[in-house]
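Letter by letter, the chains look like this.
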Amino acid sequence: MEYETIHGEEIPKVGLGTWRMEGATCRDAVSTALDLGYRHIDTAQAYGNERQVGQAIEHSDVDREDVFLTTKVWPMHRKRPDIVNSVHESLAQLGTEYVDLLLIHWPNPLASTGEVMRTLSDLQSDGVARHIGVSNFDTEQLETAREEATVDVFTDQVQFHPFNPQAELLDYCQRNDVLLTAYSPLAHGGAMHDHVLTELGTKYDKSPAQVALRWVTQQDGVVTIPKSTSEAHLKQNLEIFDFELTETEMALVARPSRLRTGLSMVRGRLGR
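Residues numbered from 1 in each chain as written. Predicted model: local features only at pLDDT ≥ 70, side-chain atom pairs only at ≥ 80, totals over all residues. Heavy atoms only, no water.

Draft legend 1. Main features of the overall build of the protein chain. The helix and strand inventory of the protein chain stands at 11 helices and 10 strands. Taking 19 Å as the expected radius of gyration for a compact globule of 272 residues, we find that the protein chain reaches 18 Å, a close match to that expectation. In terms of overall dimensions, the protein chain has C-alpha extents of about 55 × 40 × 35 Å along its principal axes. A burial count over the protein chain gives 55% of its 272 residues as buried. (Helix = DSSP H or I, 4+ residues; strand = E, 2+ residues; numbered from the N terminus. Rg over C-alpha atoms; globule rule 2.2 N^0.38 Å. Buried < 20%, exposed > 50% of the residue type's maximum accessible area, 1.4 Å probe, protein only.)

What follows is the structure, encoded as structure tokens:
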């Protein structure tokens, strides 16, 4: 495993995302991931699986303090009391006294960014969350969130893959010591049949998915949380640190495409 260090905290470069995992499937996937060496687990109120994630952590051989655990506040909770109550409900579901990272899941145009970020900041100060951050915020929204928060904004979790490399946002994060957490790093499967990734995979004896994950994790200030319920794929997602793409190959992999990004989002909504 490789790590990214932000504000003195070491974060595993590869974690496990749990979107659309339910019930025993979610619990088993998290348990398997922990057994394989994953120490970075991501969930959210909206996923409806915090209880299963917490159960997997509780019944694993891994100490709670060794797991970097993230959850996210549903953005309809936009007033301080609602946010605070929902976070305590999340802690009860997760069976833990704190989370390592607490995010607001999406920007809500009806919410006061100031009220949301100051509430998250206070929850960090109260020890409910070790760090706070945002998700799905663009550069301007992230700047506003950082201005309104009274503590450091630790990360912005966004869709990030070879067809949506988010160059402007990544540059901003790198300049301001904000971690970029990449979800959907395989473009909801769109990376699996890409000719560039396939050719590079042949060169390095890796799958196209592994090349895509290496492209993501080889960038400074970036970690990723691919989703998988397959033990084989969970293993493969960790087997990406024994090769390195050249600068030329890194540039070849990054091909911004609104069409391919849009198609990946459609596949995601369809659960494919």
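More follows now that the structure is in view.
Draft legend 2. View of the layout of surface pockets. Roughly 180 Å³ of internal volume is contained in the second largest pocket. At the level of secondary structure, the elements contributing two or more residues to the lining of the second largest pocket comprise helix H4 (113-125) and helix H5 (139-148). Of the residues that constitute the lining of the second largest pocket, the class distribution is 8 nonpolar, 5 polar and no charged. (1 Å grid on protein atoms, 1.4 Å probe; cavity = no way out; pocket = protein on both sides within 12 Å on 5 of 7 lines; lining within 4 Å. Points joined across faces, edges and corners; volume = space filled by probe spheres on them. Nonpolar A, V, L, I, M, F, W, Y, C, P; charged D, E, K, R; others polar.)

Draft legend 3. Looking closely at the packing of aromatic side chains. If you walk through the whole model with that rule in mind, you get 3 aromatic pairs. Between Phe160 and Trp215, the aromatic rings sit 5.4 Å apart at their centres with planes inclined by 20 degrees, giving stacked as the arrangement. Highlighted residues: Phe160 in the loop between strand S8 (153-159) and helix H6 (167-175) and Trp215 in helix H8 (residues 208-217), separated in sequence by 55 residues. On the basis of relative accessibility, which here comes to 0%, the residue Phe160 falls in the buried class. Considering the side-chain rings of Tyr204 and Phe243, the 5.1 Å spacing of their centres and the 40 degrees angle between planes classify their relative orientation as tilted. Pair noted here: Tyr204 is in helix H7 (residues 195-204) and Phe243 is in the loop between helix H9 (231-238) and helix H10 (247-253), with a separation of 39 residues, a long-range link. Phe243 matches Tyr204 in its accessibility class, with the two residues each being buried. Taking NZ or CZ as reference, Arg64 lies 4.3 Å from the ring centre of Tyr98, over its face. (Phe/Tyr/Trp six-rings, centres within 6.5 Å; stacked < 30°, edge-to-face > 60°. Lys NZ or Arg CZ within 6 Å of the ring centre and 35° of its normal.)

Draft legend 4. Highlighting the sheet that holds strand S6 (residues 99-104). Spatial strand order, S3-S4-S5-S6-S7-S8-S9-S10: 8 strands in an open sheet with parallel pairing. Each end of this open sheet is capped by a strand with a single partner; those strands are strand S3 (16-17) and strand S10 (222-224). In the sheet, S8 pairs with strand S9 (residues 179-183) via 5 bridges, with the strands oriented parallel. Each residue of the ladder has a partner; that of Asp156, found in S9, is Leu180. Across the sheet, H5 touches strand S7 (129-135) and S8, and the angle it forms with S8 is around 160 degrees. (Pairing = 2+ DSSP bridges. Contact = heavy atoms within 4.5 Å. Axes fitted to C-alpha atoms, helices over the stretch in contact; angles between N-to-C directions.)

Draft legend 5. Examining the pairing of S8 more closely. With respect to burial, S8 is a largely interior element, 7 of its 7 residues being buried. Two elements, S7 and S8, share 3 bridges in a ladder whose sense is parallel. When the sheet's bridge partners are listed, Ile132 is paired in S8 with Val153. As a crossover connection, the stretch from S7 through H5 into S8 is right-handed. Viewed along the sheet, the connection from S8 through H6 into S9 turns out right-handed. (Right-handed = clockwise from strand over helix to strand, strands pointing away.)

Draft legend 6. Main features of the environment of Pro185. Among the secondary structure elements, Pro185 is positioned in the loop between S9 and H7. The spatial distance from the C-alpha of Pro185 to the C-alpha of Gly127 is 31 Å, given a sequence separation of 58 residues. With near-sequence residues (within four places) excluded, Pro185 lies in contact with Phe160, His161, Pro162, Ala212, Leu213, Val216, Thr224 and Pro226.

Draft legend 7. Looking closely at the nonpolar core. In this structure, Met117, Leu120, Phe160 and Leu180 are the most contacted members of the largest nonpolar core, which totals 69 residues. Broken down by element, this core gets its largest block of residues, 6 residues, from H8. When sequence neighbours within four positions are dropped, the list of residues in contact with Leu180 reads Thr155, Asp156, Val158, Phe160, Leu169, Leu170, Cys173, Gly221, Val222 and Val223. Of all hydrophobic cores here, the second largest spans 8 residues; its members include Ile6, Phe68, Leu101 and Phe154. (Core = buried A, V, L, I, M, F, W, Y, C linked by side-chain atoms within 4.5 Å.)

Draft legend 8. Representation of the side chain of Thr217 within the structure. If you trace the backbone, Thr217 turns up in helix H8. We classify Thr217 as buried; its relative accessible area is 1%. In this view, Thr217 contacts Lys13, Val14, Val222, Thr224, Ile240 and Phe241; residues no more than four positions away in its chain are not counted.

So, to be careful, I would describe these as geometric facts and stop short of saying anything about function.
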